[in-house]
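Now for the letters of each chain:
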Amino acid sequence: MIAVRLALALCVSSSQAALAAAPDELQKSAYLVKITGCAGCHSPRGKDGEIVENLRLSGGDRALPAGDLGRFYPPNITTDIETGIGAWSADDIVKALKSGLTPDGRILSSAMPWRTQYKDLDETDALAIATYLKSVAPVQHQVPAALPPLKAPTP
Ligand code: HEC
């Protein structure tokens, strides 16, 4: 009986330890997402330039230039299936960050700074970022299609 109680106590305490680790990891992931600046591009802004909190990470409202390829709105990276990346796995997100490759075979343009920054993330940090994004609530918000590049002014 004592042995059973002991086993039970061990079980409970180890599952509590597992539960305690999860929020810690999520906190680390949230911290990484914060310092890598994802929300700064991937969220709409209010009139004073502040992030619109209830639309955080659901797509930016400023198209960013990528040379001759055009101007790209930072897409919705919440877990919404239809307008976000809810159908992507954590590995899909890691791949996009580190090699620019999306599940549908596109290579992300330089408007998303993967070549200059995120390709150097180590696997653990990239996976932590992906895990965080997989934990974000879905927000339905479709960003507009890409725009053509701005033409150089004709003299
Ligand atoms: C400087 C602005 C900027 C920052 C910072 C940024 N992104 Fe992006 N991101 C973009 C743009 C613009 C695109 C679209 C590029 C394209 O379609 O060629 C994009 C595309 C993506 C995509 C592809 C989504 C899809 O539906 O195709 C993912 C995933 C993504 N970003 C995740 C992240 C994460 C995670 C971070 C933070 C680690 C981040 N981005 C930081 C601008 C940014």
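Only a predicted model underlies this, so the values are computations on that prediction, with no experimental measurement involved.

Q: For this particular structure, what's the right way to read the overall build of the protein chain?
A: Helix and strand counts for the protein chain come out as four helices and two strands. Secondary structure elements of the protein chain, listed N to C terminal, follow the sequence α-α-β-β-α-α. In the protein chain, which comprises 155 residues, the proportion classed as buried is 23%.

Q: How do you make sense of the site of the ligand when you look at a structure like this?
A: Around the ligand, the structure places 24 residues, and the nearest of them are Cys38, Cys41, Ser109, Ala111 and Met112. Of all the secondary-structure elements, those providing two or more residues to the shell around the ligand are helix H2 (38-41), helix H3 (90-99) and helix H4 (123-135). Tallied by class, the residues present in the shell around the ligand amount to 18 nonpolar, six polar and no charged.

Q: Hey, could you run me through the nonpolar core in this one?
A: Of all hydrophobic cores here, the largest spans 22 residues; its most connected members are Ile93, Leu97, Ile129, Ala130 and Leu133. Listed by contribution, the elements that provide at least two residues to this core are H3 and H4. Looking at which element gives the most residues to this core, the answer is H4, with six residues. Setting aside chain neighbours within four positions, we find Ile93 in contact with Ile85, Trp88, Ala130 and Leu133.

Q: Please explain H3 as it appears in this structure.
A: Structural remark: α-helix, 3.6 residues per turn; residues separated by three or four positions point the same way. Of all the positions in H3, only Ile93, Val94, Ala96 and Leu97 are classed as buried. An end-on view of H3 places all buried positions within 160° of arc, on one side of the element. Next to the buried residues of H3 lie H4. Residue Gly100 follows H3 closely and has a positive phi angle near 75°.

Q: I keep staring at unusual backbone geometry and nothing clicks. Help me out?
A: Generally, phi is negative for residues other than glycine and the peptide bonds are trans, each holding for most cases. One non-glycine residue, Leu57, lies in positive phi territory at about 70°. Within the fold, Leu57 resides in the loop between H2 and strand S1 (64-65).

Calculation criteria
- Residues numbered from 1 in each chain as written.
- Predicted model: local features only at pLDDT ≥ 70, side-chain atom pairs only at ≥ 80, totals over all residues.
- Helix = DSSP H or I, 4+ residues; strand = E, 2+ residues; numbered from the N terminus.
- Buried ≥ 20, exposed ≤ 12 C-beta atoms within 10 Å, placed from the backbone.
- Near = placed C-beta within 6 Å.
- Nonpolar A, V, L, I, M, F, W, Y, C, P; charged D, E, K, R; others polar.
- Core = buried A, V, L, I, M, F, W, Y, C linked by C-beta atoms within 7 Å.
- Contact = placed C-beta atoms within 7 Å.
- Arc of directions from axis to C-beta.

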